[in-house]
Amino acid sequence: MRAGPEVSSNTVFTSGMVNGATAVAVVEDFAELQVGDWLLQNAANSNCGRYVISLARRKGIRTCNVVRRAELIPELERLGGDMVILDGDDLPERVAEATDGANLMLALDAVAGPATGRLAQCLADGGKVVNYGAVTRLPCEVSFYTIFRKDVSLVGMSMGKQMQKRDAVQRRAVYESLAELIAAGELKAAIAGTYR
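Cut-offs applied
- Residues numbered from 1 in each chain as written.
- Predicted model: local features only at pLDDT ≥ 70, side-chain atom pairs only at ≥ 80, totals over all residues.
- Heavy atoms only, no water.
- Phe/Tyr/Trp six-rings, centres within 6.5 Å; stacked < 30°, edge-to-face > 60°.
- Helix = DSSP H or I, 4+ residues; strand = E, 2+ residues; numbered from the N terminus.
- Buried < 20%, exposed > 50% of the residue type's maximum accessible area, 1.4 Å probe, protein only.
- Contact = heavy atoms within 4.5 Å.
- Axes fitted to C-alpha atoms, helices over the stretch in contact; angles between N-to-C directions.
- Parallel < 35°, antiparallel > 145°, perpendicular 65-115°, else oblique.
- Left-handed = near helix turned anticlockwise from the far one by under 90°.
- Nonpolar A, V, L, I, M, F, W, Y, C, P; charged D, E, K, R; others polar.
- Pairing = 2+ DSSP bridges.

Q: Explain the packing of aromatic side chains to me, please; I cannot follow it from the model alone.
A: Both the distance between ring centres and the angle between the ring planes are used here to describe each pair of aromatic rings. Per the stated rule, a full pass over the model turns up two aromatic pairs. When the centroid spacing of 5.3 Å and the interplanar angle of 20° are considered together, the rings of Phe-144 and Phe-148 count as stacked. Remark: Phe-148 and Phe-144 occur in helix α6 (residues 144-150); sequence separation between them is four residues, near one turn of the helix. For Phe-144, a relative accessible area of 51% gives the class exposed. Grouped by ring-pair contacts, the aromatic residues Phe-144, Tyr-145 and Phe-148 constitute a single cluster.

Given below as structure tokens:
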């Protein structure tokens, strides 16, 4: 969306702040990732997914990004995604190959349905899948055997609730930082179309 006669720049900015705050929460709040660690996410081409790539990169965290259309791969690689791969039944094997067998402890799921289970299968023992969306409008599906054998957990994430866990000063710092990154062009929303 682009600012125009009927779409204000505030609309674009507000959208960026919502996706930005969600990206901050999923990157910072669910695992203590260190420089060089990997983060796995699906729906990586969404605006939130794009922000996750940028925010993780700023922290030295590598991203393995799962998409459902091959034409998205070059764009997300240019954005800074360390690995971008297609979803599919053999996702765990391809993620292991792409990350050189790294112990992945965090996966971000915005797709739900069987995609949640595929992410869970990619994680190391004790890993966590954080679901924050349901593009498929299906319930999250994780096999009992994945949970039982690997001690993988599935948790839900609400941006509003995560921001409430921060005090007023911390919330303000998050939004000020996002505003600076958006203004500097480091966080960019994809424009699907321009409408009157």
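So, next bit.
Q: Where do I start with the environment of Asp-151 in this structure?
A: Take Asp-151: it is sitting in the loop between α6 and β6 (153-156). Along the primary structure Asp-151 and Ala-124 are separated by 27 residues, whereas in three dimensions their C-alpha atoms are 8.8 Å apart. Not counting chain neighbours up to four residues away, the residues in contact with Asp-151 comprise Gly-126, Gly-127 and Thr-146.

Q: What is the right way to look at the packing of helix α4 (residues 91-98) against helix α5 (residues 114-122) in this model?
A: Helix packing geometry: the angle between the two helix axes and the distance between the axes. Between α4 and α5, whose axes approach to 8 Å, the crossing angle comes to 45°. When the interaxial angle is binned, α4 and α5 end up oblique. For α4 against α5, the interelement crossing comes out right-handed. Across the interface between the two elements, Leu-91, Pro-92 and Val-95 of α4 pack against Arg-118, Leu-119, Gln-121 and Cys-122 of α5. Among the residues making up the contact of α4 with α5, the classes are represented as five nonpolar, one polar and one charged.

Q: Looking at this model, I keep getting lost on the sheet that holds strand β1 (residues 38-42). Mind explaining?
A: Hydrogen bonds along the backbone pair up the strands of a sheet, which may run parallel or antiparallel. Read across the open sheet, the six strands follow the order β3-β2-β1-β4-β5-β6; overall the sheet is parallel. The sheet terminates laterally at β3 (83-86) and β6, the two strands that pair on one side only. Averaged over all adjacent pairs, the angle separating strand axes in this sheet is 20°, with direction ignored. Looking at chain direction, strand β4 (residues 106-109) and strand β5 (residues 128-131) are connected through four bridges and run parallel. If you follow Leu-108 over to β5, its bridge partner there is Val-130. Against the sheet, α4 makes contact with β1, β2 (62-67) and β3, and its axis sits at roughly 160° relative to β3, the strand it touches most.

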